[in-house]
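What follows is the residue order along each chain.
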Amino acid sequence: LDANRVNPKPMVIGITGGISSGKSTVARMLASLGAEYIDADEMCHKLIHAKKFKDKIIERFGSTIQDNFGKIDRAQLAKIVFQDKECLDDLCNILHPVIIEQIKSKIAEVEKQGRRKAIVIDAALLEESDLSMICDFIIFINTAKDHRSKRSHISRHWAEGELEKRESFQMILEDKKNNADYIIDNNLTIENTFRQVKEFWQNYIEEI
């Protein structure tokens, strides 16, 4: 029997939305329903501390981004790159090609195993890094600005105005929303969000 017929290719789902909109929460919900979860931001964090990339980053941004132990201080690095679009682009050029390769090889590995119906990619800069090109389906998490500001203040300890500043470096939210194939509203309870995620799963994934 042709294995491909038995196990069709898993659908690759990209999650997009504003900062602190609940992208990771929705990605984890999809994982709980059976999707393979790829956390691009986690990959980024690991890469930053790998010697080859750490050296490149320090060479580009200077030793002030290192902490007392010589490791890269992510908060310090963020402070620099979110002041200047050119700096952010330079950091992305160092990290994104490798991240995209890692994600592609992870997708290939999951496809080969043939045990998943879907793969979900959780990446802050899905559109900006062209990761959306490898997705079959894009879900936009729609969350009001005041909710997102409150969340970023609580979970990230960001000061007033930090969210707006960082979003100004990203693709316009309305464009992200228009590019999406599906919208999940995350303005109410977590139960309400999960109900929508399950509905999406039943209609689009279970049917495969």
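Higher on the page you've got the structure.
Just so we're clear, the structure is a prediction, and the values are computed from it rather than from any experiment. (Residues numbered from 1 in each chain as written. Predicted model: local features only at pLDDT ≥ 70, side-chain atom pairs only at ≥ 80, totals over all residues. Heavy atoms only, no water.)

Q: Is there a simple way to explain the state of the cysteines in this structure?
A: This structure, assessed with the given rule, holds zero disulfides. Summary of cysteine pairing: Cys-44 is not part of a disulfide, and the nearest cysteine sulfur, belonging to Cys-92, is at 7.7 Å. Among the residues examined, Cys-44 registers a relative accessible area of 16% and is labelled buried. (Disulfide = S-S within 2.5 Å. Buried < 20%, exposed > 50% of the residue type's maximum accessible area, 1.4 Å probe, protein only.)

Q: Would you mind going over the packing of aromatic side chains with me for this structure?
A: Any two aromatic rings considered together are summarised by their centre-to-centre distance and by the angle between their planes. Scanning the model with the defined rule gives seven aromatic pairs in all. Ring centres 5.8 Å apart and planes at 75 degrees place the aromatic pair Phe-82 and Phe-169 in the edge-to-face group. Remark: Phe-169 occurs in the loop between α8 (162-167) and α9 (173-179) and Phe-82 occurs in the loop between α5 (74-81) and α6 (85-113); sequence separation between them is 87 residues. Of the two residues, Phe-82 and Phe-169, both sit in the buried class. Arranged with centres 6.4 Å apart and planes meeting at 50 degrees, the rings of Phe-137 and Tyr-182 form a pair that is tilted. With Phe-137 in strand β4 (residues 137-142) and Tyr-182 in strand β5 (residues 182-185), this residue pair connects regions lying 45 residues apart in the sequence. The residues Phe-137 and Tyr-182 share a single accessibility class, namely buried. In textbook terms, an aromatic cluster arises when at least three aromatic residues are bridged by ring pairs, as seen for Phe-137, Tyr-182, Phe-200 and Tyr-204. (Phe/Tyr/Trp six-rings, centres within 6.5 Å; stacked < 30°, edge-to-face > 60°. Helix = DSSP H or I, 4+ residues; strand = E, 2+ residues; numbered from the N terminus.)

Q: Quick question: what am I supposed to make of the side chain of Lys-23 here?
A: For Lys-23, the location among the structural elements is in helix α2 (residues 23-32). Here Lys-23 sits buried without a salt bridge, and the closest side chain of opposite charge, Asp-122, lies 6.2 Å off (N-O distance). For Lys-23, the residues in contact, after removing those within four places along its chain, are Ile-15, Thr-16, Gly-17, Gly-18, Asp-122, Ala-124 and Ile-141. (Lys, Arg positive; Asp, Glu negative; His and termini not counted. Salt bridge = Lys/Arg side-chain N within 4 Å of Asp/Glu carboxyl O. Contact = heavy atoms within 4.5 Å.)

Q: Help me understand the nonpolar core, please; the structure alone is not making it clear to me.
A: Across soluble globular proteins, nonpolar side chains show a tendency to be buried alongside one another. Core analysis: the largest hydrophobic core is formed by 39 residues, its most contacted members being Ile-57, Phe-61, Leu-77, Val-81, Leu-95, Ile-103 and Ile-121. The set of elements that each furnish at least two residues to this core consists of α3 (40-49), α4 (51-61), α5, α6, β3 (118-122) and β4. For this core, the leading source of residues is α6, giving eleven residues. In contact with Leu-77, other than residues within four places in its own chain, are Ile-48, Ile-57, Phe-61, Ile-65, Ile-72 and Leu-91. Grouped together as the second largest cluster of nonpolar side chains are 19 residues, Met-11, Ile-15, Ala-118 and Tyr-182 included. (Core = buried A, V, L, I, M, F, W, Y, C linked by side-chain atoms within 4.5 Å.)

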